[in-house]
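Below are the chains, spelled out letter by letter.
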Amino acid sequence: MRRIWMAALGLLMVVVVSCTEEGLTGVGADLMGPGVRTFEVTLDASRFLVRDTAFDRIGTLNDAVFHMAAHQFEGVLDARTLLSLRRPLTVSYTMDDEARTDTIAALVGGTLTLVVDTIASGPGPIDLEVLQVTEEWHRESATWTVRLDTADLRETWATPGGSPGPVLGGGTWTSGDTLRILMDSAAVAVWDDTAAARVGGLVRVASPDTRIFFEEMSFEFDVTPMDVDTVVTAGSLVSNKIILTPEQDAEPAPGVLRVGGLPAWRSMLRFQALDDAEIPCGPGEPADCTIPVRDVTINKASLVLHPVLAGPRRVEQPMYIEGRAVLQGPGVTLVRAPLTPPIGTSTDPIMPSLFVAPAPDSPVQVPITGYVRSHADPDEQAVPLWLALTALGERGQFGYAAFGGVESDRPPRLRLMVSVPDQELVR
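Attention here is on the structure that accompanies the text. (Residues numbered from 1 in each chain as written. Predicted model: local features only at pLDDT ≥ 70, side-chain atom pairs only at ≥ 80, totals over all residues. Heavy atoms only, no water.)

What to know about the environment of Tyr-320
By secondary structure assignment, the location of Tyr-320 is in the loop between β21 (297–305) and β22 (321–325). With 25 residues separating them along the chain, Tyr-320 and Thr-345 place their C-alpha atoms 6.8 Å apart. Not counting chain neighbours up to four residues away, the residues in contact with Tyr-320 comprise Thr-345, Ser-346, Thr-347, Asp-348, Pro-349, Ile-350, Thr-390, Ala-391 and Leu-392. (Helix = DSSP H or I, 4+ residues; strand = E, 2+ residues; numbered from the N terminus. Contact = heavy atoms within 4.5 Å.)

A few points about the nonpolar core
Residues Phe-271, Ile-298, Leu-303, Ile-368, Val-372 and Phe-403 are the most contacted members of the largest nonpolar core, which totals 50 residues. Among all residues touching Phe-403, those that are not within four sequence positions of it are Gly-255, Val-256, Leu-257, Val-259, Leu-305, His-306, Pro-307, Val-308, Ile-321, Phe-355 and Val-364. Residues Leu-114, Val-130, Ile-181 and Met-183 belong to the second largest nonpolar core, which totals 34 residues. (Core = buried A, V, L, I, M, F, W, Y, C linked by side-chain atoms within 4.5 Å. Buried < 20%, exposed > 50% of the residue type's maximum accessible area, 1.4 Å probe, protein only.)

Section: the state of the cysteines
Here the structure, examined in full by the defined rule, presents one disulfide. Covalent S-S linkage joins Cys-281 and Cys-289, the inter-sulfur distance amounting to 1.9 Å. Around the S-S axis, the bridge from Cys-281 to Cys-289 shows a dihedral of about -80° and counts as left-handed. A single burial state applies to Cys-281 and to Cys-289, both of which are buried. (Disulfide = S-S within 2.5 Å.)

Description of the pattern of salt bridges
According to the stated counting rule, one finds 12 salt bridges in the structure shown. Between Glu-129 and Arg-204 there is a salt bridge, and its shortest N-O distance comes to 2.8 Å. Of this pair, Glu-129 sits in strand β8 (residues 126–133) while Arg-204 sits in strand β13 (residues 201–205), placing them 75 residues apart in sequence. (Salt bridge = Lys/Arg side-chain N within 4 Å of Asp/Glu carboxyl O.)

Distances and angles like these do not, on their own, reveal function.
Right, dumping it as structure tokens:
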């Protein structure tokens, strides 16, 4: 017999008639036949949760499929993208319908092409600059303060943020998805040898309180071949790396859940047993009438999350959240426990604006019907006690979403749509 968690708590449950919300139940009361009533119950956090926790550092910025730059975004966040270039030694071109390969006489310019993620970025105008990097760096280990960190050696930047040198070129993004930053011969002369080109440059934002995201970056030198008087393009971008100022609030405040971002956050919710929990009998019944959850049919269960402020590292474009059961076994820490495939995914896009000025009437719902049914079934054995909240396409965005946790003033709730035969209400 499972321990009865609910009787001693005595906390508020809200009962709402929901005869018209066919989309919520998937099975309307009129389809259930005579003698069956369907209604909604919302449980406060303390009626179904024990506690919560959150883990980060899943993945690194080396996994990023995007590029970015920021300057004092919300007064805090600075980010830059380091660039390593390939300076060509020969160039291939066509002249008089003949393919030729020649050595290079001179670098006469260069173009950095940025494909802007217009959904994640903005609004413009945003001023951008390309600067020389004056110290060597290691892509796998470089950070805002460290340029190289291997098993044998650790070197910091002389100037945090990539030891930037002179400005080599700039441009202003206002709209559209492509920005080209042109550099003249004097600018690209700093990369006139292979080693200097490999050290490369960096992209930074000059406009205060802005951040911008790029889907793609590419680079080409303008060069003149040795034996002809013409200009062709050659060279390429070899690698890049995002570096950013350390997060001031590396750990969320008590009562805050974080989901998504890079490195990614996952939040975990520890559920109580529900089979012996009592819920109200529904509309039209006496206020003191209750029925065990094990005696009702759970048509749908949704976890209701309430957005809170997420700060400068908030999610930058619409996202979705998945609920997954945590398969924790003996000797396996919670953070390393495997997760099941998604039990349910939020159906509506979660907009970044929710984490700038959260409104009380803007909850996010994650369907977790199968998970709740298993907790309410007294015959289920070894039911996973923890539910993980993860981002759909985890590590695909820079920013994270934030929600009120168990200890907050906006805790999660559990929304149930249940059906009960009338004879079960005769007690």
